Amino acid sequence: MVKSLKVTQVRSSIGTKPKHRGTLRALGLHGIGTSNELVDRPEIRGMIRRVPHLIEVEEVG
């Protein structure tokens, strides 16, 4: 069974670096309270490490 991660944006991207905003978009997030379920891969983990102050992560499955 493939592990997945539920990523939820909890803080605004206003005032953050453009790379951080781009990372949120790449994770499929576009506003506070939005969430997305992603496959647990090293690429996704790297994006999560870039913006830990803006998101919450839960392991699913």
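Look up: the structure comes first, before these words.
What comes next concerns the included structure. This structure is a prediction, so every number in the text was calculated from the model and none was measured. (Residues numbered from 1 in each chain as written. Predicted model: local features only at pLDDT ≥ 70, side-chain atom pairs only at ≥ 80, totals over all residues. Heavy atoms only, no water.)

## Side note on the pattern of salt bridges
For the coordinates displayed, the defined rule picks out five salt bridges. The shortest N-O distance in the salt bridge between Glu 59 and Lys 3 comes to 3.7 Å. Of this pair, Glu 59 sits in strand E3 (residues 55-60) while Lys 3 sits in the segment before strand E1 (4-9); the two residues are 56 residues apart in sequence, bridging distant segments of the chain. A relative accessible area of 39% means that Lys 3 is categorised as partly exposed. Of the charged contacts in the structure, one is a salt bridge between Asp 40 and Arg 45, with a shortest N-O distance of 2.8 Å. Through salt bridges that share partners, Lys 3, Asp 40, Arg 45 and Glu 59 make up one connected network. (Salt bridge = Lys/Arg side-chain N within 4 Å of Asp/Glu carboxyl O. Helix = DSSP H or I, 4+ residues; strand = E, 2+ residues; numbered from the N terminus. Buried < 20%, exposed > 50% of the residue type's maximum accessible area, 1.4 Å probe, protein only.)

## Topic: the pairing of E1
Looking down a regular strand, the side chains alternate between one sheet face and the other. Burial runs high along E1: five of the six residues are buried. Where E1 and strand E2 (residues 35-39) come together, five bridges link them in antiparallel fashion. The residue of E2 that forms the bridge with Thr 8 is Ser 35. Bridge count between E1 and E3: six bridges; the pairing is antiparallel. Each bridged residue has a counterpart across the sheet, and for Thr 8 the counterpart in E3 is Glu 56. (Pairing = 2+ DSSP bridges.)

## Quick look at the side chain of Thr 8
Note that Thr 8 resides in strand E1. Residue Thr 8 is classed as buried on the basis of its relative accessible area, which comes to 16%. Excluding residues that lie within four positions of it along the chain, Thr 8 makes contacts with Gly 33, Thr 34, Ser 35, Leu 54, Ile 55 and Glu 56. (Contact = heavy atoms within 4.5 Å.)

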